[in-house]
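Working through the structure, step by step
Listed here are the chains, written in short residue letters.
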Amino acid sequence: MAATPRFRNDADAAPDGAPHRGDAPESSSPDRKHPVDETLPPLKMFTSGLQHVAAMYAGVVAPPMIVAPAVGLTAKETAFLMGASLFTAGIATLLQTLGFWRIGARLPFVNGVSFAGVTPMVAIGKDRGHDGIAVIFGAIIVASLLGFLLAPYFCKLVRFFPPVVTGTVITLIGVSLLPVAFNWSQGGNATAADYGSTTNITMAAVTLVIVLALRKLLRGFLQQIAILLGLIVGTLIAIPVGITDFGAIKDADLVGFPTPFHFGAPQFEIAAIVSMSIVMLVCMTESTADMLALGRIVGRPADERTIEGGLRADTLGSAISPLFNGFMCSAFAQNIGLVAMTKVRSRFVVAAGGGILIVLGLVPVAASVIALVPLPVLGGAGIVLFGSVAASGIQTLAAAALEKGENALIVAAAVGIGLIPIAAPEFYHAFPEDLLVVLDSGISTGCVVAIVLNLAFNHLGRKPDPEPSEREQSPAAADPVAAH
């Protein structure tokens, strides 16, 4: 039988010339690049990249909007932090998508400010003003450098992420993100008078219907940017409705650069460093699961080297971020849903999005244009995006041989525990704050439970492999990965 042709992947060659194991066989032409490494025409590259930015914008600016007031910064300083977060998210995204040496997953992987660090950052810097921000930045730098050194060892955990684990985690990622979309659909600010109003929810529903209709009616490239088109149409409809705020454009500066160490030199406190190091481990766990999910979606399974490069990009981007007044960066799962939905797998499209993020960070008035999209409109589109992630997880679980052994029990326990922070947000209220960094993330807890149970049921005390004759009769022989 002839060997299955493979996509050519220039970026996958290791520095020592060894082939990258993540290259997935998928094509009929041995000389054709893998879709992940293909470039698109400039217009398609820009609009598809802009669509990724639109999907992640609110997630990038939300953490500084929460942390800055808690620390005691002014509204102008808060806006400065938001611009810095966009700028550093762009740098981190370029590190992931383009990479250099052994840094970067070289997948269509978007990086931005991690929500996992919001609670501990507020606790570290509360009411301390510039000193609080300096301590936060110092802790992030140390934690990120430790994470960078740990990446080559952490990536070896990939063998403990078979489909029963990755499918569970991907499903939890999607389900955990859906409440964010529901919050946006209601208006985003629970203290606002119009939060949950019929106007906000109706606009979210209208946007959702528009996105679904565009996906159904359009073809080719226009179908691929249905989310972006839906956001534009939804925003235009929202103008006469009265929920579009133009104040951001009026107050925005034309040009602004995130001056290095704008709030002073970083300060280093042991308690803060320990707290942010825990956050870094959580981020590395979630990023590993995200890379495995994205690898399956784009047809290039993430191996140890891919994950090692991705974790190095995460941690290096996070270490650089405080230099420009940004926070810890990690993978943005909502953009994985966008890749799954649009089928645009080029990492250069996401790199274009990274370039747009950098421009938005340098030109506040341009960033304010993206900010025109009302949260209810973004929430309507988010339901489709985040639901697509959950659907990808269910699809992965379909290949996880749930009828074998205790795999169904693993999924049941991990999903059940992972849903606790979503279904019962106050469930862990009596636990120490340091533990809440992990426990309040359903993705992290579900991931840990799935890994531990998979080890207990499928690795510890495992029976020896059957003889070849027995293996040929086993249904699992056709898919040895699913057997785990």
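Residues numbered from 1 in each chain as written. Predicted model: local features only at pLDDT ≥ 70, side-chain atom pairs only at ≥ 80, totals over all residues. Heavy atoms only, no water.

**Focus: the environment of Gly147**
With respect to the helices and strands, Gly147 occurs in helix α4 (residues 129-154). Placed 137 residues apart in sequence, Gly147 and Met284 show a C-alpha to C-alpha distance of 8.0 Å. Those residues in contact with Gly147 that lie beyond four places of it in its chain are Met280, Met284 and Thr315. (Helix = DSSP H or I, 4+ residues; strand = E, 2+ residues; numbered from the N terminus. Contact = heavy atoms within 4.5 Å.)

**Some details on the nonpolar core**
Ranked by internal contacts, the top residues of the largest apolar core, which has 103 residues, are Ile136, Met276 and Phe327. Of all the elements, helix α10 (residues 270-298) adds the most residues to this core, at 13 residues. In contact with Phe327, other than residues within four places in its own chain, are Pro64, Val67, Leu81, Ser85, Val113, Met121, Ile133, Ile136, Phe137, Ile140 and Ser321. (Core = buried A, V, L, I, M, F, W, Y, C linked by side-chain atoms within 4.5 Å. Buried < 20%, exposed > 50% of the residue type's maximum accessible area, 1.4 Å probe, protein only.)

**Focus: the packing of α4 against α10**
Packing of α4 against α10 brings their axes to within 8 Å, and their N-to-C directions diverge by 45°. Looking at the two axes, α4 sits oblique to α10. Considering how the two elements wind past one another, α4 and α10 form a crossing that is right-handed. The segment α4 lies against α10, with Val135, Ala139, Ile140, Val142, Ala143, Ser144, Leu146, Gly147, Leu150, Ala151 and Phe154 engaging Ala272, Ile273, Met276, Ser277, Met280, Leu281, Met284, Thr285 and Thr288. Across the contact of α4 with α10, the residue classes tally to 15 nonpolar, 5 polar and no charged. (Axes fitted to C-alpha atoms, helices over the stretch in contact; angles between N-to-C directions. Parallel < 35°, antiparallel > 145°, perpendicular 65-115°, else oblique. Left-handed = near helix turned anticlockwise from the far one by under 90°. Nonpolar A, V, L, I, M, F, W, Y, C, P; charged D, E, K, R; others polar.)

**Some details on the confidence of the model for the chain**
When pLDDT is averaged along the chain, the result is 79; 83% of the residues meet or exceed 70. For the chain, helix α20 (residues 468-473) is the element with the lowest average pLDDT, namely 43, and helix α6 (residues 198-217) is the one with the highest, namely 92. Taken together, the stretch residues 1-28 has pLDDT below 50 and engages in 66 contacts with residues farther than four places along the chain or on a different chain. Below pLDDT 50 for its whole length, residues 467-484 participates in 23 contacts with residues either more than four positions away or in separate chains. (pLDDT = per-residue confidence, 0-100.)

**Examining unusual backbone geometry**
With a phi close to 50°, Trp101 is a non-glycine residue in the positive phi region. The residue Trp101 is located in the loop between α2 (75-97) and β1 (111-113) in this model. At Arg106, a residue that is not glycine, the phi angle is positive and equals roughly 55°. Considering the arrangement of structural elements, one finds Arg106 in the loop between α2 and β1.

**A few points about the environment of Lys343**
Inspection of the secondary structure assignment puts Lys343 in the loop between α12 (333-342) and α13 (347-362). We classify Lys343 as exposed; its relative accessible area is 62%. It is 7.9 Å that separates the C-alpha atoms of Lys343 and Val298, two residues lying 45 residues apart in sequence. Within the structure, the side chain of Lys343 is placed 3.2 Å from the backbone oxygen of Ala340, a separation counted as a polar contact. (Polar contact = N/O pair within 3.5 Å; in protein donor to acceptor, adjacent residues only side chain to side chain.)

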